[in-house]
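Given next are the chains, with one letter for each unit.
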Amino acid sequence: ALVLGLVFSAAQAEPTGKPVKIGLLAPLTGTQGVFGEDLVESARMAVDEANAAGGVLGRPLKLVVEDTETRPAPAMDAARKLIQVDGVPVLTGGFSSGAIVPVAEYAQKQGKLLVLGTPTSPKFRDVGDFLMSVTVLDTFKGKALAEFIDADSDAQTFALAFMNNAF
């Protein structure tokens, strides 16, 4: 009973100590603003779940959200604020490759980890060791999709439409 009590109390322990800040770059406004609210809410849910499980190494997580406006300049302003003012050790979010490629380069120079969940530009491959992507880059996705379409279709002609930008 004592062992079970200790295990149960450890699993339900409230995190203590100085919070670990996570900077979330979200498109709250701009062309992809419609996705920002879901991005923020899902990040808050993940932080709440982690904190309910005891945080990270017993420390609570704290989410600090900034708007990228889905544009490079505001995204850079947001990243600078998160790193220089808020003192976050890690950034995540972004959503738009075009807005986040310069942020990735900045975070690399500052020695801050940037974890990407949505942006997929092949340009991220060359940023450096402080970038981690949890999604598949376009170079692989595009090839895999083309091979699937070719194998799954008897069509002899295909058309491709794409945006001519960093995405």
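The coordinates are above.
Residues numbered from 1 in each chain as written. Predicted model: local features only at pLDDT ≥ 70, side-chain atom pairs only at ≥ 80, totals over all residues. Heavy atoms only, no water.

Chemist: Describe the sheet that holds strand β3 (residues 90–93), with residues and values.
Modeler: As summarised here, the arrangement of the five strands in space is β2-β1-β3-β4-β5, forming an open sheet in which the pairing is parallel. Strands with a single pairing partner mark the edges of an open sheet, and in this sheet they are β2 (61–67) and β5 (131–133). With strand direction ignored, the average angle separating the axes of adjacent strands in the sheet is 25°. Seen against the sheet, helix α2 (residues 36–52) touches β1 (20–26), β2 and β3 and runs at an angle of roughly 170° to β2. (Pairing = 2+ DSSP bridges. Helix = DSSP H or I, 4+ residues; strand = E, 2+ residues; numbered from the N terminus. Axes fitted to C-alpha atoms, helices over the stretch in contact; angles between N-to-C directions. Contact = heavy atoms within 4.5 Å.)

Chemist: Quick rundown of the pairing of β2? Include the residues and the values.
Modeler: Pairing geometry for β1 and β2, over seven bridges, is parallel. Within the sheet, the bridge partner assigned to L24 lies in β2 and is V65. The parallel pair β1 and β2, bridged by α2, forms a crossover whose chirality is right-handed. (Right-handed = clockwise from strand over helix to strand, strands pointing away.)

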